[in-house]
Amino acid sequence: MANIQFHVQPGGKIQGRVRVPGDKSISHRSIMLGSIAEGTTTVTGFLEGADALATLNAFRDMGVQIEGPVNGQVTVHGVGLKGLKKPEKPLDMGNSGTSTRLLAGIIAGQDFDVTLIGDASLSKRPMKRVVDPLSAMGAVIETQEGGTLPMVIRGSGEPLKAIDYVLPMASAQVKSCVLLAGLYADGKTCALEPAPTRDHTERMLNGFGYEVHSEKVDAQQTRACLQGGGKLTGMHIDVPSDISSAAFFMVAAAISEGSDLVIEHVGMNPTRTGVIDILKLMGADLTLENFHEVGGEPVADVHIKYAPLKGIEIPEELVALAIDEFPVLFVAASAAQGKTVLTGAEELRVKESDRIQVMADALLAVGIDAQPTPDGMIINGGVQCVQRSAIQSHHDHRISMAMSIAGLRAVDTIVIDDCANVNTSFPTFLPLINQVGMVISAVEA
Ligand SMILES: O=C(O)C1=C[C@@H](OP(=O)(O)O)[C@@H](O)[C@H](O)C1
Ligand SMILES: C=C(OP(=O)(O)O)C(=O)O
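Residues numbered from 1 in each chain as written. Chains lettered and ligands numbered in written order. Predicted model: local features only at pLDDT ≥ 70, side-chain atom pairs only at ≥ 80, totals over all residues.

Just so we agree on the cut-off: UniProt positions are given in the numbering used here, feature names are shortened, and annotations may be inferred rather than shown by experiment.
In the nomenclature of an unreviewed UniProt entry, the protein corresponds to 3-phosphoshikimate 1-carboxyvinyltransferase from the organism Thiosulfatimonas sediminis. Under the heading Subcellular location (unreviewed entry), UniProt records this for the protein: "Cytoplasm".

Put into structure tokens, the structure is as follows:
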């Protein structure tokens, strides 16, 4: 594949109004739940990025009739919990961990075998975390040695065994996998999470008329439970803008003098807003305006202006609530005066890349003092970036975009290799970031 480099002109300020594309997590779930619902589900604001499209194509391959996406509109003709068909070929999950792990839960309840495959990055990521609970529910699953893709799920059509599963890590993907398998189980299935993670699956199941009961066990732990064997009823889903995509714009405005930006219609689900809390703790001038609710999810406009940032110790309880935003938060920390310390974030090592090591290497390549630790990073910020060598994105969309934002505090042009991957979650990143004041060109190397 051609190497699309980003060449980022140094400096600049961020101004105006912008609306980023739809939320990736909600887009995935709109197709999954729409497909196994009875009746029609209509979706607006669907993210037309490669990950959500991998989910959409997988359900088409299992016989679901899906129209679109056209301008973010999708119509899913649901087939009910038992109406999926055996696909003729392996389902290609591309780069998407969410597609793979959530689909595994649904497929475990079918009466046919499916093979899941993925790209080089996804094929290195751990799947044991979903194989363990699904096996405990009676599913038969084969992975490669080391618990990676390709993964074969052998469905018997027999009901799965309901379990009360204690998640070993704070992962919405594992929680969702267990709950989705629970739809096909012979009783009440529960997932107990050690810390709050995004709850879009629970909210959306309730929206589809399928009761999920969530209960706080203590300040950190929540148990979500559902009864197997019910039915989902098709609905309309309006997908808010993705706070994970908005985060690149928040940090861009926060670190460049003279910036004043409004990001419209951003999803404000409290299990996703860690990035806002962390930026505020660092001293960002950020306010939320025009709060309202869209299809069971809170939404607001984010108004952010430049203000000098300071280094902080990031509270561990915010880690899972900002898990995908750390690459760009490391860029904010690089611009902040003083030391920023992140701990409790070892999950970053098993994302599309090892986001601790890869970001430490990338920041070092632009002259920032960034020291990786087993579960986080220590960054001594406050200096300008200088390009010492080309930056590698390591098949990771969030590294490409985060390091683009670093250009705002650079004295040299920053060159980032292998950036076509922004299409994974944010296909319009380049035109939108250029529209608000950066100058980034895509160059075929
Ligand atoms: O459930 C989801 O939609 C997601 C959960 C998170 O992963 P983990 O649950 O593995 O932390 C996140 O990193 C991913 O981008 C999307
Ligand atoms: C971790 C991510 O996604 P996934 O796990 O779905 O590949 C992400 O988008 O940052």
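## Observations regarding the overall build of the protein
The test is simple: A run of H or I in DSSP becomes a helix once it reaches four residues, and a run of E becomes a strand once it reaches two; helices and strands are each numbered from the N terminus. The size measure is the radius of gyration over C-alpha atoms, and the globule rule it meets is 2.2 Å times the number of residues to the 0.38 power. With C-beta atoms placed from the backbone, the exposure class of a residue follows from how many other C-beta atoms lie within 10 Å of its own: 20 or more, buried; 12 or fewer, exposed; in between, partly exposed. Throughout, a residue-residue contact means that the two C-beta atoms, derived from backbone geometry, are no farther apart than 7 Å.
In terms of helices and strands, the protein carries twelve helices and 23 strands. The globule rule puts the C-alpha radius of gyration for 445 residues at 22 Å, and the 21 Å found for the protein is close to it. By the burial criterion, 54% of the 445 residues in the protein qualify as buried. Long-range pairs, those at least 24 residues apart, make up 77% of the contacts in the protein between residues at least 6 apart in sequence.

## Considering the UniProt feature "binding site: phosphoenolpyruvate" (unreviewed entry) in the protein
Residues annotated in UniProt with the feature "binding site: phosphoenolpyruvate" (unreviewed entry) correspond here to K24, G97, R125, Q173, R355 and R398. Assessed through the 23 C-beta atoms surrounding it within 10 Å, Q173 is described here as buried. Excluding its chain neighbours within four sequence positions, the residues that come into contact with Q173 are G97, T98, R101 and L102. What makes R398 buried here is the crowd of 28 C-beta atoms within 10 Å. Those residues in contact with R398, other than ones at most four positions away along the chain, are D324 and P327.

## Notes on the pairing of strand 15 (residues 260-267)
Our working rule: Two strands qualify as a pair provided that DSSP identifies no fewer than 2 bridges between them.
Counting buried positions over the eight residues of strand 15 gives six, a clear majority of the element. Pairing between strand 2 (residues 15-18) and strand 15: four bridges, direction parallel. Looking at the pairing, R17 lines up with V262 of strand 15.

## Quick look at the site of ligand 2
Convention followed: Throughout this description, a residue near a molecule or strand is one whose C-beta atom, derived from the backbone, lies within 6 Å of it. What fixes the domain bounds is an automatic or database domain assignment.
Taken together, D51, S96, G97, T98, D324, K351, E352, R398 and S425 are the residues near ligand 2. Lining the shell around ligand 2 are residues from two domains, each supplying at least three of them: domain 1 (4-22 + 240-444) and domain 2 (24-160 + 204-210 + 229-238).

## Digging into helix 5 (residues 172-182)
Among the eleven residues in helix 5, eleven count as buried, and that is most of the element. For helix 5, the set of buried residues is A172, Q173, V174, K175, S176, C177, V178, L179, L180, A181 and G182.

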